[in-house]
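# Coordinates in review
Now for the letters of each chain:
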Amino acid sequence: MPDSLVNFFKNLLVVQKQTTKDILSAAQAERTMYDATLQREKEMAKADGLDYSDEELEGIVMKQIENSPARQRRDSAIERLEEALDG
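Residues numbered from 1 in each chain as written. Predicted model: local features only at pLDDT ≥ 70, side-chain atom pairs only at ≥ 80, totals over all residues. Heavy atoms only, no water.

Right, let's get into the environment of Arg 73. If you trace the backbone, Arg 73 turns up in helix α3 (residues 69–86). Judged by its relative accessible area of 46%, Arg 73 falls in the partly exposed class. Residues Arg 73 and Leu 57, spaced 16 residues apart in sequence, show a C-alpha to C-alpha distance of 24 Å. (Helix = DSSP H or I, 4+ residues; strand = E, 2+ residues; numbered from the N terminus. Buried < 20%, exposed > 50% of the residue type's maximum accessible area, 1.4 Å probe, protein only.)

In contact at an axis separation of 9 Å, helix α1 (residues 3–47) and α3 are set at 165° when each is read in the N-to-C sense. When the interaxial angle is binned, α1 and α3 end up roughly antiparallel. Handedness of the crossing formed by α1 with α3: left-handed. Counted together, Phe 8, Asn 11, Leu 12, Val 15, Gln 16, Thr 19, Asp 22, Ile 23, Ala 26, Ala 29 and Glu 30 of α1 and Ala 70, Arg 71, Arg 74, Ala 77, Ile 78, Arg 80, Leu 81, Ala 84 and Leu 85 of α3 form the full contact between these two elements. Across the contact of α1 with α3, the residue classes break down as 12 nonpolar, three polar and five charged. (Axes fitted to C-alpha atoms, helices over the stretch in contact; angles between N-to-C directions. Parallel < 35°, antiparallel > 145°, perpendicular 65-115°, else oblique. Left-handed = near helix turned anticlockwise from the far one by under 90°. Contact = heavy atoms within 4.5 Å. Nonpolar A, V, L, I, M, F, W, Y, C, P; charged D, E, K, R; others polar.)

Moving on to the environment of Glu 30. By the element assignment, Glu 30 lies in helix α1. Sequence spacing of Glu 30 and Met 44 is 14 residues, and the spatial spacing of their C-alpha atoms is 20 Å. Not counting the four nearest positions on each side in its chain, Glu 30 is found in contact with Ile 65, Ala 70 and Arg 71. Separated by 2.7 Å, the side chains of Glu 30 and Arg 71 make a polar contact. (Polar contact = N/O pair within 3.5 Å; in protein donor to acceptor, adjacent residues only side chain to side chain.)

Rendered as structure tokens:
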């Protein structure tokens, strides 16, 4: 097997392991953020006299999660994996 192919697979393994770690970390962070943010949004809506539905509150929370650092790290990790797969 040529050295370049061996190096490709070695690099791919390293990047795959890091991507898995980053995705799991992001999932945990997002779950924690979701729970805390949903609670905070409910409290703020109640304090402001807003009558948001559960779906509206969840939409607000998901928008915040989509723009979170954890989501950005996850997306960057996936991009690095895609680049490694492209060689």
